[in-house]
Structure formats: C-alpha cells, structure tokens
Amino acid sequence: MLPSTLLRALFFSLLWVVSLPSQADYVCNMTSGVTEISREIHNLHMIIFWICVVIGISVFSVMFYAIIWHRKSRGATAAHFHENTIVEIIWTIIPFTILIFMAMPATRLLIKMHNTQIDSELSIKITGHQWRWEYEYIGEGVHFISNLTTPKLETQNRAVKNPHYLREVDNPLVLPIGKKIRFLTTASDVIHAWWVPALGIKKDAIPGFINEAWARIEQPGTYRGQCAELCGALHGFMPIVVEAKTEADYQAWLQEKKAAAKQAQSGQVSGQAPPEPPQTKQSQSNHNHPGANP
Amino acid sequence: MTNLHKPLLIKLLALTFFMFAFSFALIPLYNVFCKVTGLNGKMDERHPLTYTPRYKTANSDIPSRLVTVEFVVNLNQQLPFLFQAEHTALQVIPGELTISSYYVKNLTNKKIIIQAIPSISPGIVAKYLKKLECFCFGKQALKPGEEMRLPLRFWLEPEFPHDVHRMTLSYTLFDVTEL
Amino acid sequence: MSYATHLQSTHDEHAHGPAHGITRWIFTTNHKDIGTLYLWFSFSMFLIGGAMAMLIRAELFKPGLQFFEPGFFNQLTTMHGLIMIFGAVMPGFVGLANWMIPMMIGAPDMALPRMNNWSFWLLPFAFTLLLGTIFMKGPAPDFGWTAYAPLSTIYGPKSTDFFIFSIHLMGLSSIMGAINIIATILNLRAPGMTLMKMPIFVWTWLITAFLLIAVMPVLAGVVTMMLMDRNFGTSFFNAAGGGDPVLYQHVFWFFGHPEVYIMILPSFGIMSEIIPTFSRKKLFGYTSMVYATSSIALLSFLVWAHHMFTTGIPLVGEIFFMFVTMLIAVPTGVKIFNWVATMFRGALSFETPMLFATAFLVLFTMGGFSGLMLAMVPADYQYHDTYFVVAHFHYVLVPGAIFGIIAAIYYWLPKWTGHLYSETLGKIHFWLSAISINVLFFPMHFLGLAGMPRRIPDYALEFADFNRIASIGGFVFGASQFLFLYIVIKTIRGGEKAPDKVWEGAHGLEWTLSSPPPYHSFSAPPKVH
C-alpha cells in the first residue's frame, strides 16, 4: 500500500499537529486567563491533554507497528491468539487508575469553583435578554444595558471589519481587580449563558432562576466573551466586554455612574428603568453589623 | 408465526410504554429526589408554616453570626411594571424572623395578573429558608396603574450552613394573565 | 412454536421471487429489500444533511454575513443535526441490521416482516413533514436539534409542532425496528448458535435495540411535554407556571446520551467484523467485547447531566456525573485495545473496508480523548457550547459512525450485488474522505479553545483562519461523497463477479451464501458449529 517511509512521515506530522495547542499561541489554545481559577482550569486542561497524547501515542504506535510489519504482503502469517485474561485485566486496571489520578485535581478545583459565598465583596446581577446583556451592581444603584456596537455595514461586508468585530459593546462591565466578585446570572426570556474565558466563568442564565459564579480578577485589562447558549436569531451578536480596573479607577468610575443615575432619575419621566431602590431600612429584628453591606 | 414471538413482544411493548410513562414520571420523581437529598435549590413552598424562634445553641451562635441576604428583582419579558425590593440587602440572624416587602406597579393600561417566581443562590441554602408569608404563594391581579406593597416574612433555619455568609433571594415577575 | 413450523409458514407464503416494479418496494416484507430501502433513504438524507453542512461552511468561510440571515442559519444548523442523526446515521445502521442480521444468524427473515415494512415507510413520511417545514410560512425549527425550552416552547415558530409530530413518527419507526431486531436475534437463531457464538455485529445490535426501546419513548415523552406546553396550557418547562426549563434538559438528555451510544454501538460491531477479516485473525477478547459493550450501554444511562454542567447543578451532582462519564472511557478503551490486539501479529491487508476501519480506530479514539477532556467539569466550563464540542462529536460521529456505515457498505456490497466494487476508486474515496475530514474538524478544536461559541453565523476576526481551513475541508469531504455514490451505483450495475466468500479472512454464515444471496436465504436452517 503506502511505503513505510511515507507512513512514518505521516505519523510524525500527526505528532506535530497534536503538539500545536501546547505552543501557547492564543489562537490555538485555551487562555490561562487572569484569575486563579482560569489558570487552574488551563493547567487541568493541559494535564489531561498530555495524558491523552501519551496514551494515544502508545496505542497508535502498536497499531502502526502492526500496520507496517504485520502485513500479509510483507509475508506475515497470522498468529492464533485471541484472548489473554491477564493482559485484559491489566489494560482495564491501568486506565482506571489513570482516571483516578485525573479525577483528583479536577475534583479539588471544582470544589474551589463552587465556593461562591465566602468573603465575596461585590455582587453583580447579569440578565440575559434577546439579544443583549444587562448588568446591575447590587447595592450600588448602578445598572445598565450592554449592546453590541459593531456597525451593520461591517457585518454586511460593506465596510472593513475593525479589530474587535462582534466583540465590542457600548457599556462594558467595569469591575475592580483584587476583589472577590459574585456573578448572579438570570434571563428575561430564553436561556442564555454568560461566558468570559479570561475569567474562567461560564454560567447559564435561566429565566425565572438565578445561578452564581465567582472570580477574583488579578490584572487590569479588557476581557471579551460571548453568549454561550443558543438563544434565537442574534445569539452570535450579544458579546460581553469586561473592563477590569484598579480599585481607585473603579471607584472613580462607580461614583460617576451613581451620579449619572441620580441625575437620570430626577429628570426622568418614563417608568421603564426602575428608579433607585428606596433607602435601605433595617428590619426590626436585625442587628447592625459594622463593616458589612447595609 | 407471531405465536413464537408473542411473549417477548408483550414484554418489549410493556417496556416501551413503561419508559414513556417514566419520562412523565420524571417530573414528580425529580421533585421527590431533590426534596429528599436537599439538592437542586428549590425552596420549601408549603404554606402556612408556623414560626417559633429557635437558635442552634443557647448562647454562642447568636451575636457572632450574621448572614447577608441580598434581594434581587427581575421582570420577565420586559413586563412594563415597576418592581422594587424594599431592601437591597439585610443582615439576618439565622433563627430570627425577618420582615421585608416589595413594591409593584402596573404601568400599562390593561389589567394584568402576575406571578412572582422565587429563586435562591447558592442552591445549598434553599432548604434552610422558610417563608411565613410571601407574595409568591399566589397570583396577584393589578388593574391599570394600580400599585401594591407586597409582604415577605421569612426566617433562616438555625442549621443554616456556617460557611455561607451571603446569599441572594430573587423574584421574577411573570405575566400570567393568559396562563 | 418450533423453528421448523415457523419456517414452514414462511416457505409457503413466499414460494416465488420478488414482485416487479414500484409495488415491490412499497409492499415488500423481505429483509434484504427493506435493508436496501433503509440504506438508500439514509444515503439521500446524508446528502441532504450534507448539503446543509456545505451551506453552513460556506457562510462560515469568512467573517461577515455573506449568504444567510442569522435566523435562517439557525434553521440550517437545526435541520442539519436532525437529518444527520435521525435520517442518515440511525436508518443507515438499521438498514445494515436488516440486511445482515438474518443472514448472520441463519434466519430466513426478520421476526415480524410486515412491521418491518411499516417501520421503514414511516420514515419518508416523517422526513417529508420535517423537511416540509422549510417550505411553510414562517421559520423552520431554529432552536438546534436539542430544542431547549423555552426557546422551543414559548419562542418556537409554528413549525415546531410539525417537528414534534415528525419526531413521533421517527420514534415509532425506531421502536418498532428495535422490537423486531430483538425478537429476531433472541428467537430466530439457527440451532447451535448460542448467544456467545453470535457475530459481534449481532451483539452490538441486540444491545442497541434495547437502548432504543428504553430511550426513544423518553424522547417521545419530552416532545409531547413540549407540545402540551405550546398548545395545551401546561407549564412543564415554564417557570411562570411552576415549571423549570432545566427539567427539559434533564429529560431530553436522559434520552440524548444513550442516543449517541445508539449511534456508535453498531459501528463498533462493524469494526469487530471487518478488522478480524482483514487481519486474518479471530477477534481478540470476544467475551470482554460483549461485556464492554454492555457496560457502555448501562453506564450511558447514568451520565446525561454531563451535557448540563453549566446549568447550575449542585456540586455533588457535578462530581457524580464527572466520575461516571470518565468511567465510560474504561470499557471503550478495552474495545480499542482489543481491536489493536486483533491486528497485532495478524496478516493484514488494506482493502477499502479495512482502510475505513483503521481510520476509525485512530479518529474515533481522538474523539474519545476530546470526550474525556470534556468530562472534566472545570475544564468543561471553557469547552461547553464551543467548537471544541462540535469537534468532539463530529470526530466520534463522522469517522466513528459514518465511516462505520461506509466501511460496512464496502465490506458487504459485493455480497449484496454479486459484483466487486472498484478497489482503486474505493481507495481514492477513502483517502479523500480521511484527509478532508481532518482538515474539516481538527481546526475546530482550536476554534473552541480560542473562544468561538457554537451555533453562530458570524464570528470575531481571530477565528477566521481556522474557519476557512475547515470550510475547505468540508467542501472536499462533501464532494468526495459523490464519488462514493458513483462507486455504489457502478457496483450495483456490474463489475467483476464476487465469490461467495468475498474476503479471504471472512468468517460467518453470510459468507456461505451466494453473492448475491437468494431472495429468501436460510429457508432451511444452516448447521452451526
């Protein structure tokens, strides 16, 4: 059939192709992101990937060896073995053991990811709509809608596409770095999903229900994501842009937004946008705990 | 010829119908499973319940443990209503009764019947939240322009997990006039 | 009733050859004819679903919306999935089952030949209904083949109800076919063919048939609930009425996961026929192959929520489903090892069926590896609903299921038609397909990892290069299947005469029959050793 040199060449090309994702080119591989969780997810991904590569090479080597050397055209005659209980037990137990070693770091990381409640310092309510996201800073009185801003001319191929084509919005979600942030997701119509790879977060936004996820962003920067659950015609056109700022910059931005919200409320006639919630009151049975959210 | 296959056919047809019925049975089965295991994050919707003040231990738990309860509101399908929580967040002691309320206003010119659907996060605390009085227990009808203040009285069971310091209670308002 | 009496009645009814003309095909109760009908139906659906894939790849060739409105693109992806799964893969395997199972077990026909006819003819009606939605006013189904609520219930177009009826018809066809297959295998084996002497293809179909009976009714149930939510005021999946959209996903995937094993187990069986033949060596580990296949089938009922890791299921649930999903890798790995051990120290030759089988071994295993990666829940948060998933399931379905069907057709076509296919053309078809399939789907791993979600008609610029490569692979793969069509038609019409035992290393009752076999074979049961 094929000469063995060509087969070997094909085999090594396959090896090279398979190694591409590890060359840390962002286009080829998952991002390590800017949170501890996103980094650990990336590490887990690479560990599992390499284990699969090693297993694959081992198994395929045996197979390719047979393909090259155990061919009838090469004069090979077939052996007669067709069972071997010991070998079969070994190649059941070894994969099972490898799986256990894979499951351990995965379970540890999963437990960490589910730990949303301890020490979180800011809660953001994220509402998915057809086809845009809405963000509310709980307790701060700031909320706004985030729409895709890519011009239609670009989508229609009548203008050159800008570098952030389909991943740019009018009002990004601005967040402080270094703080543990809780993200509460819900939706107002169909199921959407909020996904920002750099934060290591993907959570379904389900109408009538809330889900939660957390992140502590380590570096300032702009991080982009997209809706990750088919939600109708413009599912591909409701991106997410997170702008992480230092604490000082974030506070400055927040004060600006609060002031603007107050102004809008006093001058606003329409009742569509819910006004500032009434002054938070303590209910009679509660104690005032210093330092916590009122 | 079918006599040869009849016993087997009867069993296979029975299995088919059983699995069809099973798919419908999955709905109540899920609810039972989730109640028994406490998974799934759905709250106890039974009412009326009775409240008796109760603390986990006689003394040491009371002053030091506070849980922040965030109140979050949503309008499904951009329902033209005003829907606001009286409190954005409260510090709550597990075991004590908390009183809050919600403000609703129908901004349309039609009578609308609403149903508030609650949801809670994290899911593991759902079974510890008990509601004494909640506007989510039933539908509310609002005439055009009508506004209401709707009550919520609840408590967190003293067995509330120690490692949860903040939770969120969400209500989504649905228009059920047609339902 | 005894086997002999059973034979007597069939013999009396069919003492003549096949009917003539179109009525032959409408009224046939002959398993070979019905197998042929299923296979031609499957091939047509494969070409129609494939045409949709070509349109999808054409749109995705470049960023920007070139050809289709986003809403229509969603209809294309939905219909592509439905047609390939329910129209191409499943009927293809049923066609092979119909042709081969009676011959492999020494039976004269399927247990219930008239129900067999109805099982087939339901399908053209079901797909006329489904494809007809494209031509109705308003959109065709556009919510993905998975049809999540409330997108499909509250927001689904009018055609959704036709989609639901169509699924009911397909389900009925599958269930009746499965009942027929089980009855045939359990009751009509020639004397001396114990269960553990059956060809593995028959075993995998026996297990698949039980899976079908177990889960197709669940699909019927969930689409009925959809129908009720849409038209009869119920709230199974509507939070407003006390229901839960996530419940749809639980019930759907309880069907959906065993469904994907329904689509691969027969392919495993085919590989277990082809690889020993072309290795000239018995299948390694027959008993463990049977146990491994059974374990895969049983475990498949316990993993459904691995499609739902981001929906907010509790930690305990995620851990359970992660562990059990990983566990399925063990029996699957055992099967791969057994096939490789069959080849090892055999006397191999690489005719076209064996080429496809070898490609299956490498490429399906790669699909299995990406499946294992997907099972790791924290990593799945980055993979879920991206092109990484699309890469995974296309690797297991195309080089997995489809190559299995193609390999089987090359393997048994000489038996069915009495003519050898052209080995040169077969090899060209193989190399074109095997290479282009990787050009098409391998880059999708990178796209998913780089952040491209599924089911989008337009994408950010950083995804452009790999999309272009994938589209080129897609066009070549699509075009290559017309070569296959040509090869099949050419072989039916003529070619070198095929002997009874077409392949030197072939074993099994089907090779004791002439090529082509008589219209009614094994009217008298064969001797089984």
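None of these values were measured; they are calculated from a predicted model. (Residues numbered from 1 in each chain as written. Chains lettered and ligands numbered in written order. Predicted model: local features only at pLDDT ≥ 70, side-chain atom pairs only at ≥ 80, totals over all residues.)

A.B. asks: Mind showing me how you'd approach the overall build of chain C here?
C.D. replies: When helices and strands are counted, chain C shows 17 helices and zero strands. A globule of 529 residues ought to have a C-alpha radius of gyration of about 24 Å, and chain C, at 23 Å, matches this closely. Looking at the 529 residues of chain C, the share that counts as buried comes to 65%. Long-range pairs, those at least 24 residues apart, make up 83% of the contacts in chain C with a sequence separation of at least 6. (Helix = DSSP H or I, 4+ residues; strand = E, 2+ residues; numbered from the N terminus. Rg over C-alpha atoms; globule rule 2.2 N^0.38 Å. Buried ≥ 20, exposed ≤ 12 C-beta atoms within 10 Å, placed from the backbone. Contact = placed C-beta atoms within 7 Å.)

A.B. asks: Would you take a moment to explain the overall build of chain A for this structure?
C.D. replies: Counting secondary structure elements, chain A contains five helices and ten strands. Sorting the 294 residues of chain A into buried and exposed places 38% on the buried side. Across chain A, contacts joining residues at least 24 apart in sequence account for 64% of those joining residues at least 6 apart.

A.B. asks: Would you mind going over the sheet that holds strand β4 (residues 97-106) of chain B with me for this structure?
C.D. replies: Strand-to-strand pairing in sheets goes through backbone hydrogen bonds, with the strands running parallel or antiparallel. Residues and elements named next belong to chain B. Spatially, four strands are ordered β2-β4-β8-β6 in an open sheet, and the strand pairing comes out antiparallel. Across the chains shown, the open sheet's two edge strands, defined by having one partner strand only, are β2 (81-85) and β6 (129-134). Strand-to-strand twist in this sheet, taken as the mean axis angle between neighbours without regard to direction, amounts to 25°. In terms of strand pairing, β4 meets strand β8 (residues 147-156) through nine bridges, oriented antiparallel. Its bridge partner being in β8, Tyr103 is matched across the sheet by Arg149. (Pairing = 2+ DSSP bridges. Axes fitted to C-alpha atoms, helices over the stretch in contact; angles between N-to-C directions.)

A.B. asks: What am I meant to see in the sheet that holds strand β3 (residues 142-146) of chain A here?
C.D. replies: Residues and elements named next belong to chain A. Taken together, five strands build an open sheet; the order of strands is β3-β2-β1-β5-β8 and the sheet is mixed. Looking at strand neighbours, the two that pair on one side only are β3 and β8 (211-216), the edges of this open sheet. The sheet shows a mean angle of 20° between the axes of neighbouring strands, taken without regard to direction. By the bridge criterion, six bridges tie strand β1 (residues 122-129) to strand β2 (residues 132-137) in an arrangement that is antiparallel. Considered in β2, the bridge of Gly128 is made with Trp133.

A.B. asks: Would you mind going over the environment of Asn187 of chain C with me for this structure?
C.D. replies: Following the sequence through the fold, Asn187 of chain C ends up in helix α6 (residues 160-187). C-alpha of Asn187 of chain C to C-alpha of Gly451 of chain C: the two residues are 264 residues apart in sequence and 53 Å apart in space. Excluding residues that lie within four positions of it along the chain, Asn187 of chain C makes contacts with Leu4, His5 and Leu8 of chain B together with Ala111 of chain C.

A.B. asks: Before we go on, may I ask you to explain unusual backbone geometry in this structure?
C.D. replies: As a rule of thumb, non-glycine residues mostly have phi less than zero, and peptide bonds are mostly trans rather than cis. Residue Trp131 of chain A follows Gln130 of chain A across a cis peptide bond; omega there is 0°. Here Ser121 of chain B and Pro122 of chain B are connected by a cis peptide whose omega angle stands at -5°. Mapped onto the secondary structure, Pro122 of chain B falls in the loop between β5 (112-121) and β6. Notably, Ala147 of chain C is not glycine yet its phi reads approximately 50°, a positive angle. Tracing the backbone through its elements, the reader meets Ala147 of chain C in the loop between α5 (113-132) and α6.

A.B. asks: Help me understand the interface of chain C and chain A, please; the structure alone is not making it clear to me.
C.D. replies: When the parts of a complex come together, some accessible area is lost, and that lost area is often used as the size of the interface. Tallying the contact residues gives 76 residues for chain C and 78 residues for chain A. If you tally residues by element for the side of chain C that touches chain A, the top one is helix α12 (residues 329-343) of chain C, at eight residues. Per-class residue counts for the side of chain C that touches chain A are 48 nonpolar, 19 polar and nine charged. (Nonpolar A, V, L, I, M, F, W, Y, C, P; charged D, E, K, R; others polar.)

A.B. asks: Help me understand the nonpolar core in this model?
C.D. replies: In a soluble, globular protein the nonpolar side chains are often hidden away together inside. Residue and element names in this part refer to chain C. Ranked by internal contacts, the top residues of the largest apolar core, which has 300 residues, are Val89, Val202, Val222, Phe356, Phe360, Met373 and Ala407. Here this core takes 22 residues from helix α15 (residues 387-417), the largest share from any one element. Other than its neighbours up to four places away in sequence, Val202 contacts Ile101, Met104, Ile105 and Ile185. (Core = buried A, V, L, I, M, F, W, Y, C linked by C-beta atoms within 7 Å.)

A.B. asks: Whenever I open this one, the pairing of strand β7 (residues 201-205) of chain A confuses me. Can you help?
C.D. replies: Along any regular strand, the residues point their side chains to alternate faces of the sheet. All names here are of chain A. Within β7, five of the five residues are buried, which leaves the element mostly enclosed by the surrounding structure. One ladder, built from five bridges, connects strand β6 (residues 192-196) with β7; its direction is antiparallel. Bridged to Ala193 within β7 is Asp204. Between β6 and the antiparallel strand that follows it, β7, lie four residues; Gly200 among them carries a positive phi value of about 70°.

A.B. asks: What should I look at first to understand the environment of Val164 of chain B in this one?
C.D. replies: Residues and elements named next belong to chain B. Its location among the elements puts Val164 in the loop between β8 and β9 (166-175). Classification of Val164 by C-beta neighbours within 10 Å gives partly exposed; the count is 19. Counting along the chain gives 98 residues from Val164 to Leu66, while the straight-line C-alpha distance between them is 9.7 Å.

A.B. asks: How should the packing of helix α10 (residues 286-299) of chain C against α12 of chain C be read in this particular structure?
C.D. replies: A packed helix pair is summarised by two numbers, namely the angle formed by the two axes and the spacing between the axes. Residues and elements named next belong to chain C. Where α10 contacts α12, the two axes come as close as 8 Å, and the packing angle between them is 150°. Here α10 is positioned roughly antiparallel relative to α12, judged by the angle of their axes. With respect to the hand of their crossing, α10 and α12 are arranged in left-handed fashion. On α12, the residues touching Ser288, Met289, Ala292, Ser295 and Ile296 of α10 are Pro331, Thr332, Val334, Lys335 and Asn338. Residues of the contact of α10 with α12, tallied by class, amount to five nonpolar, four polar and one charged. (Parallel < 35°, antiparallel > 145°, perpendicular 65-115°, else oblique. Left-handed = near helix turned anticlockwise from the far one by under 90°.)

A.B. asks: Hey, could you run me through the confidence of the model for chain C in this one?
C.D. replies: Close inspection of predicted coordinates is inappropriate for parts of the model with low pLDDT. Residues and elements named next belong to chain C. The predicted model of chain C has a mean per-residue pLDDT of 95, with 97% of residues at 70 or higher. The low-confidence segment residues 1-5 (pLDDT under 50) makes five contacts with residues lying over four places distant or belonging to another chain. The low-confidence segment residues 7-14, where pLDDT is below 50, has seven contacts with residues more than four positions distant or belonging to other chains. What the predictor reports for the complex is a pTM of 0.92 with an ipTM of 0.93. (pLDDT = per-residue confidence, 0-100.)

A.B. asks: Is there a simple way to explain the domain arrangement of chain A in this structure?
C.D. replies: Residues and elements named next belong to chain A. Looking at chain A, the domain boundaries give domain 1 (4-72 + 86-113) and domain 2 (122-267). Between the C-alpha centres of domain 1 and domain 2 the distance comes to 35 Å. Taken together, the eight residues of domain 1 in the interface contact eleven residues of domain 2. Of the residues contributing to the side of domain 1 that touches domain 2, the split by class is three nonpolar, four polar and one charged. (Domains from an automatic or database assignment.)

A.B. asks: What's the story with the confidence of the model for chain A in this structure? I'm lost.
C.D. replies: Across chain A, the average pLDDT comes to 86, with 81% of residues at or above 70. Low pLDDT, under 50, characterises residues 269-294 of chain A; the stretch is placed with 44 contacts to residues that sit more than four places away or in other chains.

A.B. asks: It is not clear to me how the pairing of β8 of chain A should be interpreted in this structure. Could you clarify?
C.D. replies: All names here are of chain A. The element β8 is largely enclosed, with a buried count of five among its six residues. Summarising the sheet, strand β5 (residues 180-187) and β8 pair through six bridges and their orientation is antiparallel. Pairing of Lys180 across the sheet is with Arg216, part of β8.

A.B. asks: Before we go on, may I ask you to explain α15 of chain C in this structure?
C.D. replies: An α-helical turn contains 3.6 residues, so a residue and the one three or four places further along point in the same direction. At Tyr411 of chain C, α15 of chain C shows its strongest bend, of approximately 40°, with the proline Pro414 of chain C following within four residues. Among the 31 residues of α15 of chain C, 29 are classified as buried, and the element is accordingly described as predominantly covered. (Bend = angle between axes of the 7 residues up to and from the residue.)

A.B. asks: Help me out: how do you make sense of the packing of helix α4 (residues 70-105) of chain C against helix α7 (residues 200-231) of chain C in this one?
C.D. replies: All names here are of chain C. Contact geometry of α4 with α7 gives a least axis separation of 10 Å together with a crossing angle of 120°. As judged from the angle between their axes, α4 and α7 are oblique. Between α4 and α7 the crossing geometry is left-handed. Here Ala97, Met100, Ile101, Met104 and Ile105 of α4 come into contact with α7, specifically with Phe201, Val202 and Trp205. Residues that form the contact of α4 with α7 fall into these classes: eight nonpolar, no polar and no charged.

A.B. asks: What's the story with the environment of Gly56 of chain A in this structure? I'm lost.
C.D. replies: With respect to the helices, strands and loops of the structure, Gly56 of chain A is situated in helix α2 (residues 36-69). By the C-beta count within 10 Å, which is 18 here, Gly56 of chain A ends up partly exposed. Distance from Gly56 of chain A to Gln219 of chain A, taken between C-alpha atoms, is 37 Å for residues 163 residues apart in sequence. Setting aside residues up to four positions removed in sequence, Gly56 of chain A forms contacts with Thr365 and Phe369 of chain C.

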